[in-house]
Amino acid sequence: MIINHPLLGPRDAAEFVYLGDAALIERPDWQASDAAEAFHEYGYLRDNPAGKHAELWYHEQGDRSWLVVTRDTVTHEITSVEMARDVARARGRSK
Amino acid sequence: MRYSALKILREGLTGNKGWKPVWREPDPKPEYDIVIIGGGGHGLATAYYLAREFGMRNIAVLEKGWIGSGNIGRNTTIIRSNYMLPGNEPFYEMSLKLWEGLEQDFNYNAMVSQRSILNLFHSDAQRDAFVRRANAMFLAGADAELATTDQLRAELPFLDYDNARFPIKGGLFQRRGGTVRHDAVAWGYARGADARGVDIIQNCEVTGFDIENGKCRGVQTNRGAIRARKVAVCVAGSSGRVMAQAGMRLPIESHVLQAFVTEGLKPVLPGVITFGAGHFYVSQSDKGGLVFGGDIDGYNSYAQRGNLPVVEDVAEGGMAIMPMIGRARLLRSWGGIMDMSMDGSPFIDKTDIDGLYFNGGWCYGGFKATPASGMCYAHLLARDTPHPVATQMRLDRFKRGNLIDEKGQGNQPNLH
């Protein structure tokens, strides 16, 4: 697989480390009253779809950036690559 | 129809015209006591043991494709019980004992070959860890045997003992481990279940669950609705897809694992050998091909094929312990889809939906578990209590903090 890095251009997926579902960006509020339940879901439960899947890849052997890669889990086709930083900021995750 | 040497002789003399299909092809009935979704090894074993051990007959096994088309026909055929944790080891040892009596039990030649499995170790620390594992195996009644390099050199002269980076310091044998003809396992269980009245329905894909007021009353399929008192999902690899139809999220990711086979060679490997410093395992099939594999590709996938970086990694693992493998030409490679769970261990459990049961999360160790998985799932379905060796394989164990994490990797499925 080739991941088209937004800054570095097309790179071999072997340069990256895979973390998992991009929903991991949405870390629950640890002070919420349902935090235990929310962290169980966050840490252990997954959608695991057959089809389009937004996921986190880390460019370990490159610029060490985190990317959100949207990839089809049935065909392995990659349809979009974004900087995870941009995705997280757009969702108000970081100031 | 029972198989025997006499039967083979008689058929051989009469033109082999008396062999018949070993299971029927029934149309689905409108209602069953138990509907098992998934006609793989585990689903068929579940049906077989439900009929044989628990006297239940009104059972259907629904299979989307044909019997043997899934992971039961795509694995590397290894059986063993060299686990460590109390939540796992008694279960896998029961499985190995069931393998040992399987062919007589279901009167079918599954070519169970206890040719041994050897886990190599490459450092003092790893030896200590393997000694600990061996002692845990003894506690569950399994066999284990520590071998020195001198013993190994005599038995397996072709390994690269003096490898500069990963010298071989010894190994842990389980002599009762080995290989089994994987397709024959599916056929044997299917035949045994069918003979006891189980309906095996192929080309029948489940498209939805009929859930009313928190109770599962049946399934929708491409061959019509089927009502059932209990619905047993047993579709490891596709668990995420199937359980999503019941609105459930699972502690599972689907990953692709590749396997490889070389051209046929003269007998060279006496048993199964695994590399301790990387991930590589190899055995030789009865046809002569070296059957081997290594790590999963490491990203979510439902495609039954992998990518080249893992092929390279597996080949490097092979060359590191067994340089002669470089002379063999690769004949085929293929991929299968694994339910990778959050702690590397499986689930055999009820779900929160009444009447809906779940078996999955086998990571890449499902084949060896086939008989025990079937037995324990049948026990759960028939009695509504977990089998004594499967009490920890629960869906809610993460919530309770009772993980069964053999490798201590945490909730990162691609590391298990």
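Here, residues in each chain are numbered from 1, in the same order as that chain's written sequence. Think of it this way: whatever chain is written first is A, whatever ligand is written first is 1, and the rest follow in order. Local features are withheld for residues below a pLDDT of 70 in this predicted model, meaning they are given only at 70 or higher, and side-chain atom pairs are given and counted only at 80 or more; totals for whole chains, interfaces and linings count all residues. The side-chain quantities take in all heavy atoms of the structure and omit both hydrogens and water.

### Focus: the overall build of chain B
Scanning chain B for helices and strands turns up 10 helices and 18 strands. For a compact globule the rule gives 2.2 Å times the number of residues to the power 0.38, and the radius of gyration it is set against comes from C-alpha atoms. At 21 Å, chain B has a C-alpha radius of gyration in line with the 22 Å of a compact globule built from 416 residues. C-alpha atoms of chain B, sized along the principal axes, occupy 65 × 65 × 40 Å. Relative to its 416 residues, chain B shows a buried fraction of 59%. Contacts in chain B between residues at least 24 apart in sequence constitute 74% of all its contacts with a sequence separation of at least 6. In short, Shrake-Rupley with a 1.4 Å probe defines the accessible areas, and a residue's cover is counted only from the protein chains shown. Put simply, chain B shows about 17,000 Å² of open surface, and 50% of that area lies on carbon and sulfur atoms. Both charge centroids of chain B, one from 47 positive and one from 43 negative side chains, sit 4 Å from each other. The way it works is that DSSP assigns letters per residue, a run of H or I at least four long becomes a helix, a run of E at least two long becomes a strand, and they are numbered from the N terminus. Each residue is assigned to one of three classes by its accessible area relative to the maximum for its type, calculated with a 1.4 Å probe on protein chains only: buried under 20%, partly exposed between the two thresholds, exposed over 50%. Note on contacts: a residue pair is in contact if any heavy atoms of the two residues lie within 4.5 Å. Note on charges: Lys and Arg go in the positive column, Asp and Glu in the negative column, and His and the chain ends are not counted at all. Charge coordinates come from a single atom per side chain, which is NZ of Lys, CZ of Arg, CG of Asp or CD of Glu.

### Focus on the sheet that holds strand β4 (residues 52–58) of chain A
All names here are of chain A. Pairing in this open sheet of 4 strands is antiparallel, and the strands run β3-β4-β5-β6 from one edge to the other. Pairing within the sheet leaves two strands with one partner each, and these edge strands are β3 (17–21) and β6 (78–83). The mean inter-strand angle of the sheet, taken between neighbouring strand axes irrespective of direction, is 30°. Bridging between β4 and strand β5 (residues 66–72) involves 7 bridges; their strand directions are antiparallel. For two strands to be treated as a pair, DSSP must find at least two bridges joining them. Only the stretch in contact is used when a helix axis is fitted, and all axes are lines through C-alpha atoms; the angle between N-to-C directions ranges over 0 to 180 degrees.

### Some details on the packing of aromatic side chains
All names here are of chain B. Only Phe, Tyr and Trp rings take part, Trp by its six-membered ring, and two of them pair if their centres are within 6.5 Å. Stacked means planes under 30 degrees apart, edge-to-face means over 60, and tilted covers everything else. Under the counting rule described, the total for this entry stands at 24 aromatic pairs over all chains. An angle of 75° between the planes, with centres 5.1 Å apart, marks the rings of Tyr48 and Tyr49 as edge-to-face. Since its relative accessible area comes to 1%, Tyr49 is described here as buried. With 5.1 Å between their ring centres and 85° between their planes, Phe106 and Tyr189 make a pair best called edge-to-face. Taken together, the residues span a long stretch of sequence, with Phe106 in helix α3 (residues 89–106) and Tyr189 in helix α6 (residues 182–195) at a distance of 83 residues. Like Tyr189, Phe106 is buried. These aromatic residues form a ring-pair network of at least three members: Tyr3, Trp19, Tyr48, Tyr49, Phe106, Tyr108 and Tyr189. Placement of a positive charge over a ring is assigned whenever Lys NZ or Arg CZ falls within 6 Å of the ring centre and within 35 degrees of the normal to the ring plane. The ring of Phe173 has Arg175 sitting right over it, with the charged end atom 3.8 Å from the ring centre.

### Topic: the interface of chain A and chain B
Contact with chain A, which involves 24 residues of that partner, is made by 25 residues of chain B. Here chain A and chain B share an interface that buries about 2,200 Å² over both sides, 49% of which is from carbon and sulfur atoms. Summed over both partners, the accessible area (1.4 Å probe) lost when two parts come together is defined as the buried area. It is Tyr44, Arg46 and Asn48 of chain A that lose the most area in chain A upon contact with chain B, and together they represent 31% of the buried surface on that side. The term salt bridge refers to a side-chain nitrogen of Lys or Arg lying within 4 Å of a carboxyl oxygen of Asp or Glu. Measuring nitrogen to oxygen at the nearest pair gives 3.8 Å for the salt bridge that ties Glu37 of chain A to Lys399 of chain B. A 3.5 Å cut-off defines polar contacts: any pair of N or O atoms within that distance qualifies, except that in protein one atom must be a possible hydrogen donor and the other a possible acceptor, and neighbouring residues in sequence count only when both atoms are side-chain atoms. Counting the contacts that link chain A with chain B gives 15 residue pairs in polar contact (both at pLDDT 80 or more). Per-element accounting of the side of chain A that touches chain B gives the leading share, 5 residues, to helix α1 (residues 35–44) of chain A. For the side of chain A that touches chain B, a count of residues per class yields 10 nonpolar, 8 polar and 6 charged. Under the convention adopted here, Pro, Cys and the residues Ala, Val, Leu, Ile, Met, Phe, Trp and Tyr are nonpolar, Asp, Glu, Lys and Arg are charged, and Gly plus all remaining residues are polar.

### Brief notes about the nonpolar core
What tends to happen in soluble globular proteins is that the nonpolar side chains get buried as a cluster. Residue and element names in this part refer to chain B. With 56 residues, the main nonpolar core has Ile36, Tyr49, Phe91, Trp99, Tyr189 and Ile348 as its most contacted residues. Elements with a minimum of two residues in this core: β1 (31–37), α2 (41–54), β2 (59–62), α3, α6 and α9 (366–383). Ranked by residues supplied to this core, first place goes to α9 with 9 residues. In contact with Trp99, other than residues within four places in its own chain, are Ile79, Val112, Val180, Val185, Phe367, Lys368, Thr370 and Pro371. Buried Ala, Val, Leu, Ile, Met, Phe, Trp, Tyr and Cys residues form a nonpolar core when they are joined through side-chain atoms within 4.5 Å.

### What about the sheet that holds strand β4 (residues 117–121) of chain B?
Through backbone hydrogen bonds, the strands of a sheet pair up, either in parallel or in antiparallel fashion. All names here are of chain B. The 8 strands lie next to each other as β5-β6-β4-β13-β14-β15-β12-β16, forming an open sheet whose pairing is mixed. Pairing within the sheet leaves two strands with one partner each, and these edge strands are β5 (145–147) and β16 (330–341). Taking each pair of neighbouring strands and ignoring which way they run, the sheet shows an average axis angle of 25°. Two elements, strand β13 (residues 272–274) and strand β14 (residues 280–284), share 2 bridges in a ladder whose sense is antiparallel. Paired with Ile273 across the bridge in β14 is Val282. Relative to strand β15 (residues 289–300), helix α8 (residues 308–321) is tilted by about 135°, and along the sheet it contacts β4, β12 (252–264), β13, β14 and β15.

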